[in-house]
Amino acid sequence: MAVQISPSILSADFARLADEAAAVAGVADWLHVDVMDNHFVPNLTLGLPVVESLLRHTTMPVDCHLMITDPDRWAPEYAQAGARNVTIHAEAVRAPVRTLRAIRAAGARAGLAVNPGTAVEPYEDLLSEIDMLLLMTVEPGFGGQHFLDIVLPKLRRARSLVAGHGAAIWLQVDGGVHEQTIERCAEAGADVFVAGSAVFGSDDPAGAVRALRAQAERATVHAAWHRSGLMSLGSYAERTGADAVGSACSPAGGVGSGSSRRTKSLPRMSSSAHSAPTNASPAVT
Ligand code: DX5
Ligand code: ZN
């Protein structure tokens, strides 16, 4: 699966969301929208009416991350509104099979998120119901927090779990992902990278996306999980005549991917890119 970058608008100017989306359109793969209700997490952002407005003003596929206590009630509505991916939290959902199926039935990809302290193994039986697994690499609620290295072993286990099922499930990381941490995430198994302050805290959001993609792609090429995946696809191809590399590199979900865009330059981040807390973010970790 190709590297995908999903800039989080949590670090954008909420009064200029359409302009902020335009700044990464054609460069990023997704626009990550953090919905917070001040109950599941101690922060309040935006809800369905704002997402509906944003969808009218951007052509980017919208990736909704619902940090709310009642995803069973709300998740299908985000999918019906036109979000191309809707992710719900394992810690909040009460009827995961029904809700994940409702998201898919409404035409969106279904994501399941786990907090840093939540194991993935109890959710193995849900793998057939999801298109993406989101491993939070900070405690959810705020942008600009420090990346939690303790999630990396879980990311490796999640990659093995997904590979063991032969599943085309994307592995997303979210929180503290920037130029100093993205390669560790790619090496451990992530293929979809959410970045808030690293993109919208930069003077050059599009350049930041390109630089993050280039770093992630370089790390992925050398990652053991990726190489072993290619090798098993290779032996499969020998048996069947299938195009192993082509299969391994094509995005599974068919969103307009920026993965064909390449850059060698590493634009400078602004000094605030990794340090400024965003939307009332305390540096709690
Ligand atoms: C945090 C949100 C993230 C946030 C990431 O709970 O889910 O999407 O925007 O921000 P950074 O990349 O600044 O850590
Ligand atoms: Zn998020």
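Is there a simple way to explain the coordination of the zinc ion (ligand 2) in this structure?
Six octahedral donors around a metal ideally sit at 90 or 180 degrees from one another, while four tetrahedral donors ideally sit at 109.5 degrees. Around the zinc ion (ligand 2), the protein supplies H32 (NE2), D34 (OD), H65 (ND1) and D174 (OD) as donor atoms, at distances of 2.0 to 2.3 Å. Here the zinc ion (ligand 2) binds six donor atoms, and the angle range of 70 to 170 degrees at the metal identifies the geometry as octahedral. Here the donor residues for the zinc ion (ligand 2) map to a single chain with the spacing H-x1-D-x30-H-x108-D. Separated by 142 residues along the polypeptide, H32 in strand β2 (residues 31-36) and D174 in strand β7 (residues 170-174) bring together distant segments of the chain.

How should I be thinking about unusual backbone geometry in this particular structure?
Excluding glycine, residues mostly carry a negative phi; peptide bonds, for their part, are mostly trans. The phi torsion at N38 lies on the positive side, around 65 degrees, for a residue other than glycine. If you trace the backbone, N38 turns up in the loop between β2 and α2 (48-57).

Just to check I follow, could you spell out the site of ligand 1 for this structure?
Surveying the vicinity of ligand 1 reveals 20 residues, the closest of which are S8, G141, D174, G176 and S197. Between ligand 1 and G196, the relevant distance is 2.8 Å, taken from an oxygen atom to a main-chain nitrogen or oxygen of the residue. Contact distances for ligand 1 include 2.6 Å between an oxygen atom and a side-chain N or O atom of S197. If ligand 1 stood free it would expose 380 Å²; the protein chains cover 99% of that surface.

Explain the nonpolar core here, please?
Inside soluble globular proteins, nonpolar side chains tend to come together where they are buried. Formed by 69 residues in total, the largest nonpolar core has its most connected members in I9, V33, L66, V86, L133, L155 and F193. Setting aside residues up to four positions removed in sequence, L155 forms contacts with L135, L171, V173, C185, A188, G189 and A190. With six residues, the next largest nonpolar core counts L10, M36, M67 and A92 among its residues.

I tried to follow the packing of helix α3 (residues 71-81) against helix α4 (residues 96-105) on my own but got confused; where do I start?
Working note: a packed helix pair is described by the angle between its axes plus the distance between those axes. It is at 8 Å that the axes of α3 and α4 come closest, and there the two elements cross at 10 degrees. Considering their axes alone, α3 and α4 lie roughly parallel with respect to each other. Here α3 contributes P71, D72, A75, P76 and A79 to the contact with α4, which in turn contributes T99, A102 and I103. Grouping the amino acids of the contact of α3 with α4 by side-chain chemistry returns six nonpolar, one polar and one charged.

Please explain the packing of aromatic side chains as it appears in this structure.
Geometrically, a pair of aromatic rings is defined through the distance of the ring centres and the angle of the planes. Applying the stated criterion across every chain yields a total of one aromatic pair. A ring pair is formed by W30 and W170, whose centres lie 5.9 Å apart and whose planes are at 75 degrees; its orientation type is edge-to-face. Of this pair, W30 sits in the loop between α1 (17-24) and β2 while W170 sits in strand β7; the two residues are 140 residues apart in sequence, bridging distant segments of the chain. For the residue pair W30 and W170, the accessibility class agrees, reading buried in each case.

Mind showing me how you'd approach the environment of E183 here?
Structurally, E183 is set in helix α6 (residues 182-188). For the pair E183 and A219, spaced 36 residues apart in sequence, the C-alpha to C-alpha distance is 5.4 Å. Not counting residues up to four positions away in its chain, the partners in contact with E183 are Q215 and A219. A distance of 3.0 Å separates a polar atom in the side chain of E183 from a polar atom in the side chain of Q215.

Parameters at a glance
Residues numbered from 1 in each chain as written. Chains lettered and ligands numbered in written order. Predicted model: local features only at pLDDT ≥ 70, side-chain atom pairs only at ≥ 80, totals over all residues. Heavy atoms only, no water. Donors = N, O, S within 2.8 Å, 3.2 Å for Na, K, Ca; no water. Tetrahedral: all angles 85-135°; square planar, octahedral: opposite > 155°, others 65-115°. Helix = DSSP H or I, 4+ residues; strand = E, 2+ residues; numbered from the N terminus. Near = heavy atom within 4 Å. Polar contact = N/O pair within 3.5 Å; in protein donor to acceptor, adjacent residues only side chain to side chain. Areas by Shrake-Rupley, 256 points an atom, 1.4 Å probe, with all protein chains shown as cover. Core = buried A, V, L, I, M, F, W, Y, C linked by side-chain atoms within 4.5 Å. Buried < 20%, exposed > 50% of the residue type's maximum accessible area, 1.4 Å probe, protein only. Contact = heavy atoms within 4.5 Å. Axes fitted to C-alpha atoms, helices over the stretch in contact; angles between N-to-C directions. Parallel < 35°, antiparallel > 145°, perpendicular 65-115°, else oblique. Nonpolar A, V, L, I, M, F, W, Y, C, P; charged D, E, K, R; others polar. Phe/Tyr/Trp six-rings, centres within 6.5 Å; stacked < 30°, edge-to-face > 60°.

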